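If you want the building blocks of each chain, they are given just below.
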Amino acid sequence: MVLEKEINFILALDELKNVNRRNFNLDNSRRENTAEHSWQIVVFAQILWPYAKDKKQIDLLRVIKMLSIHDVVEIEAGDTFIFDESAMTGKYERELAAAKKTFGILDEPLSSDFLSLWIEFEAEETPDAVFACAVDRIMPFILNVYGDGVSWTEAGIQPHQVENIVGKAVRKASEEMGEAFDILLRKAIDEGKLES
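Bear in mind that the values here come from a model prediction, so they are computed numbers and not experimental data.

Caption draft 1: Quick peek at the pattern of salt bridges. The full count for this structure, using the stated rule, is 20 salt bridges. With a closest N to O distance of 3.0 Å, Arg21 and Glu32 form a salt bridge. Placement of the pair is Arg21 in strand S1 (residues 20-24) and Glu32 in strand S2 (residues 31-33), with a sequence separation of 11 residues. Two residues, Asp128 and Arg62, come together in a salt bridge whose shortest N-O distance is 2.9 Å. Residue Asp128 is located in helix H8 (residues 127-146), and its partner Arg62 is located in helix H3 (residues 60-69); the two are separated by 66 residues in the primary sequence. Exposure remark for Arg62: the relative accessible area of 27% places this residue in the partly exposed category. Connected via shared salt-bridge partners are Arg21, Glu32, Asp71, Glu74 and Asp79.

Structural data, given as structure tokens:
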């Protein structure tokens, strides 16, 4: 069958629905899964694009592609909580192996194209990757601020951790998003969602 590998790949992606993240849905009823997160950031990127610093250098369709595939590695490697320093050790190597395996289901050139997009996202050096990373990081942040901040409080996350990991990425991508981050971080602190 002509599309056999493509169908096998999309069926493999169904597993993202079973990968639970540390973050909770807005109503705090359950942890979100990676498929939900991926969908939400793809939509959010389209909304936030007008605020990007390097908007003229950013290919929004390419950003959307990057965001749609960057968490595919979690099928094999699982979700790594961004604030868990010990779990972050070796994360790139684990996820690179997972990326090669999962994208390897596809024929060339798509397999290499997806792997290259994933590597670019992880490096956070191109305007596309800087913006994509900021969107990826700010979405769970927003859910914690407007929800009960459960994934933060259960892990004892402090404001400086959120600033170093989320704030820096967001400011690198957009002044307006950076201003919004500052306001929302203050809200989270005032409401006791972060340890001080």
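Let us keep going from here.
Caption draft 2: Seen up close, the packing of aromatic side chains. The tally for this structure, following the rule as stated, stands at 7 aromatic pairs. Look at Phe81 and Phe83: their rings are 5.5 Å apart centre to centre, the planes differ by 70°, and that puts the pair in the edge-to-face class. Of the two residues, Phe81 and Phe83, both sit in the buried class. For the pair Tyr92 and Trp118, a centre-to-centre distance of 5.4 Å together with 25° between the ring planes defines the contact as stacked. Note that Tyr92 is positioned in helix H6 (residues 91-103) and Trp118 in helix H7 (residues 110-123), a separation of 26 residues in sequence. Residue classification places Tyr92 among the partly exposed residues on the basis of a relative accessible area of 34%.

Caption draft 3: Structural context of the packing of helix H10 (residues 159-173) against helix H11 (residues 175-190). Relative orientation of the contacting elements H10 and H11 amounts to 165°, with a least axis distance of 9 Å. The pairing of H10 with H11 is recorded here as roughly antiparallel in orientation. You can see that H10 and H11 cross each other, and the crossing is right-handed. Contact residues: H10 offers Pro159, Val162, Glu163, Val166, Gly167, Val170 and Arg171, while H11 offers Met177, Gly178, Phe181, Asp182, Leu185 and Ile189.

Caption draft 4: Local environment of the nonpolar core. In terms of nonpolar packing, the biggest core is built from 55 residues, with Leu67, Phe103, Phe131, Phe141, Trp152 and Val162 touching the most fellow members. Mapped by element, the contributors of at least two residues to this core are helix H1 (4-13), helix H2 (34-48), H3, H6, H7, H8, H10 and H11. It is H8 that contributes the most residues to this core, 13 residues altogether. Each residue touching Phe131, except ones within four places of it in the same chain, is listed here: Ala45, Leu48, Trp49, Ala52, Ile58, Leu60, Val63, Ala173 and Met177.

Definitions and cut-offs
All residue numbers refer to positions counted from 1 along the written sequence of the respective chain. Residue-level local features of this predicted model are given only where pLDDT is at least 70; pairs of side-chain atoms are given and counted only at 80 or more, and the full residue set underlies all totals for whole chains, interfaces and linings. Hydrogen atoms and water are omitted, and side-chain values are computed over all heavy atoms in the structure. Salt bridges, as used here, are contacts in which a Lys or Arg side-chain nitrogen is within 4 Å of a carboxyl oxygen on Asp or Glu. To qualify as a helix, a DSSP run of H or I must reach at least 4 residues; to qualify as a strand, a run of E must reach at least 2; elements of each kind are numbered from the N terminus. Each residue's exposure class comes from its accessible area (1.4 Å probe, protein chains only) as a fraction of the maximum for that residue type: buried when under 20%, exposed when over 50%, partly exposed otherwise. Only Phe, Tyr and Trp rings take part, Trp by its six-membered ring, and two of them pair if their centres are within 6.5 Å. Stacked means planes under 30 degrees apart, edge-to-face means over 60, and tilted covers everything else. A fitted line through C-alpha atoms represents every axis, and for helices the fit uses only the stretch in contact; the resulting angles, taken between N-to-C directions, go from 0 to 180 degrees. Should an angle fall under 35 degrees it is taken as roughly parallel, and over 145 as roughly antiparallel, whereas 65 to 115 is taken as roughly perpendicular and any remaining angle as oblique. By the definition used in this description, the sense in which the near helix is turned from the far one sets the handedness, with an anticlockwise turn below a right angle giving left-handed and a clockwise turn giving right-handed. Contacts were defined at the residue level, with two residues in contact if any of their heavy atoms lie within 4.5 Å. The criterion is simple. A nonpolar core is a set of buried Ala, Val, Leu, Ile, Met, Phe, Trp, Tyr and Cys residues joined through side-chain atoms within 4.5 Å.

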